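Topology and contacts: notes
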Amino acid sequence: MNRFSRRTALASLPATGLLGTATAHATLPATPPGRSDVRLAYVADTHADPENEGNLARMRAVFEAIDAFDPSLVIHGGDVTEYGTEAEFRAFEDAIPSSLRDRVAAVPGNHETRWDASAGQLRQDWIGEEVRFQDVDGVRIILADTTAHQQEVAWWSDTALAELEKAVRTSKNLPCVLVTHFPMGEGYFYVANQQDFEDVLATHPISLHLTGHTHRELLTRVNRRDQLEAAAVKTDAAYYELTGSIDSLDVTRVEIPDLTAPAETVRTPVTTYDLRPDRGKDSWSPRAADPVDDGASIALEVKLPGSFRGAVDATFYDTSVYAGRNDNLSWTPLAGQRSRFSGSLDASRLAPGNNRVQVRVRPQDESGDRLLTVPFVRGDRGIAWEAQLEGMIQSGPALVRQDDGELLVVASSSGQVLGLDPSGSTHWSFQVDGEVRHSLRALSEGKSVAVPDTAGFLHLLAADGSQQWRYGLDVPFAADPGSGLLAGTEALLACAGSTLHAVEAESGTALWTTELPAASMGAPASDGERVFIGAGDGCAHALDGSTGALLWTTSLTERSGGYQRFIYGPWNDAITVLPDGGVLASGIADTWCLDPADGSARWRLDGSFQYALEAVTDSGDLVLANEGGEIVRVDPATGQELARHATAERILDEGFVLVDDVVYAASHSGLITAVDLATGDIEQITRISTVPVLAPGTAFDDYIVFADFAGTVHAVERI
């Protein structure tokens, strides 16, 4: 990969090489003389950790054994590292014999992305671009990045789908082997837009899909492709050899029982694949599947291309699963014969709005299952208006005030920033340099809005969309900004990696900067005297508001080791300062209310409350949402629980909006639920999209507004 093989980077299209950046145009080392058959090695989930000697020993043994095997290429299925630090990438490279480093190609996994403060720059430097391919040993190897910025869920971007389509379309007679970190298929919900991927491959199927992530060895077949999930090097000193010919590719699992003797291996045949391409349209993929809302049920009719022998069944897309799998889906058989099958699914517990049904076709010819995901709308969507941005949205919006009313400011990964009026019409637009992946922040009582981008700039825009100033760095702003008064001056507080910047809101000049012990991706807060922030060292920190000097540090986790303290600490938390001065800081396991003077604990609440931003009711109660989807109301002075209300699905970064003692919560799958804190009544309003919702929402005019990951802003009518 770029840095793994920086001595001789691989190349493919002009855009990038397998292991190289856009400027690397060296070629793949030629197949050794006399070698005409396939000779590849496959590994996954090494989770390189320089603090873990056992981990390093397994990696060294595996790569020494692979070096002796002498493959044309070593393919890595992702999760190269534990949490994507430079030290971990270097530890991975150091574990590879020098003679092998130029033949290693990897895709990133969620562990390279989830805790990444570099906005993808670090993993791109070491691993490569979004989609790359190279022809080796008569096979086209396609490596694709389906990770989502600082998220667990996977996603095929428009760019990745276009590059994938180009790679398979131009492969001619070469069989294609796809490599992604996340597996796909029946019961898998890691990749949120899997059907978009299937549509690309409908007429250009791939032969084999190599994946990781699940840390288990599993062989499946779906939609005319075989899939191999690999055992994890993190827990098993094992790799896979792919040898033989295109029409008879043998897969062998190679284990190293004694890490001190990597030449002594145990070899176990796994399977044999026929990689010869299967061109054209699929004989058994449904031509149409038409769900119809009948009220209490969803009627479904499926049309197949021809006379069919086998079984057809259906189920609703499992929205309760986030970035995971369900091995026990409940399927409903559809009745029919030849080319038409029909039936109905019980929809009594199905939310109104946008939904999906999955159809599974199981032919008797042993060619493998077909899986199709079909969207449909149930009942009244309850959507007042929608606005579309280019790119993906995972940044929270902000409200600005003009003489003629409020505007909603939204932004996307394309760098597009829009000011929308209460009808959803675009009032103004602005283009920033990089991607906007983190929340916007209103300043000066709504007269301006701060926009952070991954190119390393903070932009301050006036309420009319004009740029007031730009504050630039050489590193990305990949954290949610905060704001507050510092010595009587309004300041913007933003982290770039592990450096916290305090920037004067009026002028855009730096008041001070300070270096944190680890990166932070959550929003800091201030009480006027101090600045509070959670960081990746597992601690909450207080800094002097005038100078940035450290005042106190409080650990929020008992975990040890860099990786464990990072992921269980408040690295992603938006700090809240309560009206009585208490400082709320959350890790993964619990939330703490700390004394602002010395960081001592006032109270602690069990549960994962880090993702959703807290709110305070007009009567002074504190409202939180935990990861399990519960809305919890507590006494902010003591932490005593006053009430708890369970919604149907998990609540993560999308959080909730509080309006007049009604909580409007959004789930990861876009289900908007209203919880009346006074009565305890819970109502599912609508599912706004079949696309994940990863960004916080806001109240705007008479609506609740949330945006989905595909770039659509949805205005939901309040109850």
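For the structure, check the block above.
What comes next is a walk through the structure. (Residues numbered from 1 in each chain as written. Predicted model: local features only at pLDDT ≥ 70, side-chain atom pairs only at ≥ 80, totals over all residues. Heavy atoms only, no water.)

Before going further, it helps to spend a moment on the overall build of the protein. Within the protein one finds seven helices and 51 strands. Reported as C-alpha extents along the three principal axes, the dimensions of the protein are approximately 75 × 60 × 45 Å. Residues counted as buried form 62% of the 719 residues belonging to the protein. Restricting the contact set of the protein to residue pairs at least 6 apart, pairs at least 24 apart contribute 58%. Summed over all atoms, the accessible surface of the protein reaches about 25900 Å², with 44% contributed by carbon and sulfur. Here the protein carries 55 positive and 103 negative side-chain charges, and the mean point of each set is 9 Å from the other. (Helix = DSSP H or I, 4+ residues; strand = E, 2+ residues; numbered from the N terminus. Buried < 20%, exposed > 50% of the residue type's maximum accessible area, 1.4 Å probe, protein only. Contact = heavy atoms within 4.5 Å. Areas by Shrake-Rupley, 256 points an atom, 1.4 Å probe, with all protein chains shown as cover. Lys, Arg positive; Asp, Glu negative; His and termini not counted. Charge placed at Lys NZ, Arg CZ, Asp CG, Glu CD.)

Right, let's get into the packing of aromatic side chains. Aromatic ring pairs: the centre-centre distance and the angle between the two ring planes describe each pair. Per the counting criterion, the structure on display carries 16 aromatic pairs. On the numbers, 5.3 Å between centres and 75° between planes, the contact of W155 with F709 is edge-to-face. Here F709 lies in the loop between β50 (703-707) and β51 (712-717) and W155 lies in the loop between β5 (139-144) and α5 (158-169), a separation of 554 residues in the sequence. Comparing W155 with F709 shows no difference in burial state: the two are buried. Relative to F376, the ring of F316 has its centre 6.3 Å away and its plane inclined at 35°; by these criteria the two rings are tilted. Of this pair, F316 sits in strand β15 (residues 310-316) while F376 sits in strand β19 (residues 370-378), and the two are 60 residues apart along the sequence. (Phe/Tyr/Trp six-rings, centres within 6.5 Å; stacked < 30°, edge-to-face > 60°.)

Attention shifts here to the nonpolar core. Ranked by internal contacts, the top residues of the largest apolar core, which has 29 residues, are V62, F63, I66, F92 and Y239. Looking at this core element by element, the count peaks at eight residues for helix α1 (residues 53-69). Grouped together as the second largest cluster of nonpolar side chains are 26 residues, L208, A230, L249 and V251 included. (Core = buried A, V, L, I, M, F, W, Y, C linked by side-chain atoms within 4.5 Å.)

End to end, α5 covers 16 Å across 12 residues, agreeing with the expected 16 Å (1.5 Å per residue, within 8%). For α5, the set of buried residues is A160, L161, L164, A167 and V168. For α5, the arc enclosing every buried residue in end-on projection is 125°, short of the 170-degree limit, so these residues lie on one face. Elements in contact with the buried residues of α5: β4 (131-136), β5, β6 (176-179) and α6 (194-200). (Expected span 1.5 Å × (residues − 1). Arc of directions from axis to C-beta.)

Here the focus is empty space enclosed by the protein. Overall, the coordinates contain four cavities of 30 Å³ or more when judged by the stated rule. Space inside the largest cavity adds up to approximately 130 Å³. Forming the walls of the largest cavity are 15 residues, and the residues nearest its centre are A192, Y317, V321, H668 and P692. Of the residues contributing to the lining of the largest cavity, the split by class is nine nonpolar, four polar and two charged. Elements that contribute at least two residues to the lining of the second largest cavity include exactly β22 (405-411) and β50. Top contributing element to the lining of the second largest cavity by residue count: β50, with three residues. (1 Å grid on protein atoms, 1.4 Å probe; cavity = no way out; pocket = protein on both sides within 12 Å on 5 of 7 lines; lining within 4 Å. Points joined across faces, edges and corners; volume = space filled by probe spheres on them. Nonpolar A, V, L, I, M, F, W, Y, C, P; charged D, E, K, R; others polar.)

Quick look at the pairing of strand β45 (residues 656-659) now. Summarising the sheet, β45 and strand β46 (residues 662-666) pair through four bridges and their orientation is antiparallel. Residue pairing for β46: V657 is matched across the bridge by Y664. Two successive antiparallel strands, β45 and β46, enclose a turn made up of two residues, where D660 displays a positive phi of approximately 50°. (Pairing = 2+ DSSP bridges.)

In this structure the tally under the stated criterion is 38 salt bridges. Between R253 and E217 there is a salt bridge, with its nearest N and O atoms 3.0 Å apart. Here R253, found in strand β11 (residues 248-255), pairs with E217, found in the loop between β7 (208-211) and β8 (218-222); they are 36 residues apart in sequence, far enough to count as distant. Given the relative accessible area of 14%, R253 is considered buried. Judged by its relative accessible area of 32%, E217 falls in the partly exposed class. Across the pair D433 and R470 runs a salt bridge, and its minimum N-O distance is 3.1 Å. Residue D433 is located in the loop between β24 (426-431) and β25 (441-443), and its partner R470 is located in strand β28 (residues 467-472); the two are separated by 37 residues in the primary sequence. Each of the salt bridges in this network shares a partner with another, and the network as a whole consists of E186, D313, R360 and R362. (Salt bridge = Lys/Arg side-chain N within 4 Å of Asp/Glu carboxyl O.)

Turning to the sheet that holds strand β37 (residues 576-577), a few remarks are in order. Spatially, the four strands line up as an open sheet ordered β37-β38-β39-β40, and their pairing is antiparallel. Two strands bound the open sheet, and with one partner strand each, they are β37 and β40 (601-606).

The next thing to look at is unusual backbone geometry. Look at D70: it is not a glycine, yet its phi comes out positive at around 60°. Within the fold, D70 resides in the loop between α1 and β2 (73-76). Not every positive phi belongs to a glycine, and S444 is a case in point at roughly 55°. Within the fold, S444 resides in the loop between β25 and β26 (448-453).

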